[in-house]
Amino acid sequence: MRRRNIKNGLVPAMIAVAVLLVSSCTTVKEYQKNKLNDAEMALANRKVEKTELSFQGYREGSSGANAGKSGGGCGCN
Amino acid sequence: MKKIFLTAAMAFALLHTQAQTATPKENTGFESRKLKLDEINLVSSYYTQNGNNAAVTGGIGSQKLNDIANVFDVKLSKYDSKSRKHTFGLEVGIDHYTSASSDMIDLHANSSASHADTRIYPSLSWSMENEKKGTTWALGLSSSSEFDYQSFGGNVSFSAKTKDRSGEFTAKLQTYLDQVKLVQPIELRTGGLTGHGENYGSAARNTFAGSLSYSQIINQNLQIMFLADLVQQNGYLSLPFHRVYFNDGSVHQENLPDSRLKIPLGFRANYFLGDRFIIRTYYRFYTDNWGVNSHTADIEVPIKVTPFFSISPFYRYYTQSAAKYFAPYQVHTAADQYYNSNYDLAKFNSNFYGAGIRFAPPKGVFGLQHLSMLELRYGHYTKNINMNSDIVSLNIKYK
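Residues numbered from 1 in each chain as written. Chains lettered and ligands numbered in written order. Predicted model: local features only at pLDDT ≥ 70, side-chain atom pairs only at ≥ 80, totals over all residues. Heavy atoms only, no water.

Thoughts on the overall build of chain B
Argument step 1. Within chain B one finds three helices and 19 strands.
Argument step 2. Out of the 399 residues belonging to chain B, those deemed buried represent 44%.
Argument step 3. Within chain B, contacts between residues separated by at least 24 positions form 58% of all contacts whose residues are at least 6 apart in sequence.
Argument step 4. In the structure as shown, chain B presents an accessible area of about 19,600 Å², 62% of it carried by carbon and sulfur atoms. (Helix = DSSP H or I, 4+ residues; strand = E, 2+ residues; numbered from the N terminus. Buried < 20%, exposed > 50% of the residue type's maximum accessible area, 1.4 Å probe, protein only. Contact = heavy atoms within 4.5 Å. Areas by Shrake-Rupley, 256 points an atom, 1.4 Å probe, with all protein chains shown as cover.)

Laid out in structure tokens, this is it:
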């Protein structure tokens, strides 16, 4: 029941956030992207995090939705 | 006057030549089509953990483990005659670990063959970006080999940018075709198998994943991304050397269903606050048909002490419910169809925190021109079920 409530609440909340953010977009010209192009602004995991993501994938029951591996390898230990 | 004119003309000619050399893409198509080295990265890490709920010994016993990992990758690129950018990647990773729990596959050995292992995982990638159309196609192949596990992977993806280049949609398909060597706990072996080098059987484990993502620039300081995966795993999803002790004291191999459907949904938002702070956030909701539901929230705040040096404290909170097949030591009964005592599938929450430092000076790290970036990061991880670990990672970039 609790799981259902979380799912029921989460999806509309994510859609609302998405609509709100996307609707507030402004056009950013290439010469205005100096901050967005900063290496630490990348919408991706940092390379140095690679092995952290591996151990988290092994030590936790969930994985995925982080542009990393979603299968393969065993995590035997 | 003539001398001044000649000197000025020569200086102009020299500057013009240098300008042509500096911007080959605009002026000389031949230069731009050469394969060039984009970057080389080395990521090294040392990981150590401790705990008292090892799955090899049925949910009790030491989880002490040390792992040293090194991943080396090279990225090359070139433009073709249609001005499409081709990027080629080669990555090779090597891990070496020692594990107290793996050592207990043989309960009577002081140090068995399984106490240490090495994993090698090479991969190849290729992508073709059409900058005019804003589209990218990519392919990848990967492999991972260790004593008791072999994995082959393949992936294909397509990305398309929106007309104003502020958004990008990506679709990706991945598959992993794995073989698990059936190394049983020593007391459950039949036919006289005793240790390393024996002819174990193997079983297949296959993973098929579809991923969708959409990134969007909101304004000059904010960009966001939505991620969604659908992952189906089939085959032998247990690990053969994980013991489960029933309430009558009998010992069994872990037994899990041969199918698992996972649905993770993620969201990232990165915000540049003022001129010195970046706020990197990530949230993930995960659910699967084994009963595991989890939430992950991550925040990292890089502080730019100078434009080329930053300090990045981070914090990650994770919470999950237990898989419906999990029970602790001596709780499962003979009536259970599926059983497992692996605490990675138990109910728990975890905290992961630490900090990183990043140097990317324009003249190179330590004055070495091609050593363009160095990043060092430390993190401490704790579960509320008496397991903790530490990890130190280093990334060096050569450009």
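Structure shown, so let's carry the discussion forward.
Structural notes on the packing of aromatic side chains
The geometry of two aromatic rings is summed up by the distance between their centres and the angle between their planes.
Residue and element names in this part refer to chain B.
Argument step 1. Counted by the stated rule, this structure contains 15 aromatic pairs over all chains.
Argument step 2. Judged by centre distance (5.3 Å) and plane angle (70 degrees), the ring pair of Tyr 325 and Tyr 338 falls under edge-to-face. You can see Tyr 325 sitting in the loop between β16 (309-320) and β17 (348-359) and its partner Tyr 338 sitting in the loop between β16 and β17, a full 13 residues away along the chain.
Argument step 3. Here Tyr 338 falls in the partly exposed class, since its relative accessible area comes to 25%. (Phe/Tyr/Trp six-rings, centres within 6.5 Å; stacked < 30°, edge-to-face > 60°.)

Things to note about the nonpolar core
Argument step 1. Grouped together as the largest cluster of nonpolar side chains are 14 residues, with contacts concentrated most on A:Phe55, B:Tyr47, B:Tyr343, B:Phe348, B:Phe352, B:Tyr381 and B:Ile391.
Argument step 2. Not counting residues within four places of it along the chain, the set of residues in contact with B:Phe348 comprises A:Arg59, A:Glu60, B:Tyr318, B:Thr319, B:Gln320, B:Tyr343, B:Tyr381, B:Lys383, B:Asn384 and B:Ile385.
Argument step 3. By size, the runner-up hydrophobic cluster in this structure holds nine residues, among which are A:Met14, A:Leu21, B:Leu222 and B:Phe226. (Core = buried A, V, L, I, M, F, W, Y, C linked by side-chain atoms within 4.5 Å.)

Focus: the pairing of strand β2 (residues 65-79) of chain B
Residue and element names in this part refer to chain B.
Argument step 1. Bridge count between strand β1 (residues 36-51) and β2: 13 bridges; the pairing is antiparallel. Pairing of Thr 48 across the sheet is with Asn 66, part of β2.
Argument step 2. In this sheet, strand β3 (residues 84-99) lies alongside β2 in antiparallel orientation, the contact comprising 15 bridges. Note that in β3 the partner of Leu 76 across the bridge is Phe 88.
Argument step 3. Between the end of β2 and the start of β3, which pair antiparallel, lie four residues, with Ser 83 showing a positive phi angle near 60 degrees. (Pairing = 2+ DSSP bridges.)

Purely spatial values, then, with no claim about function.
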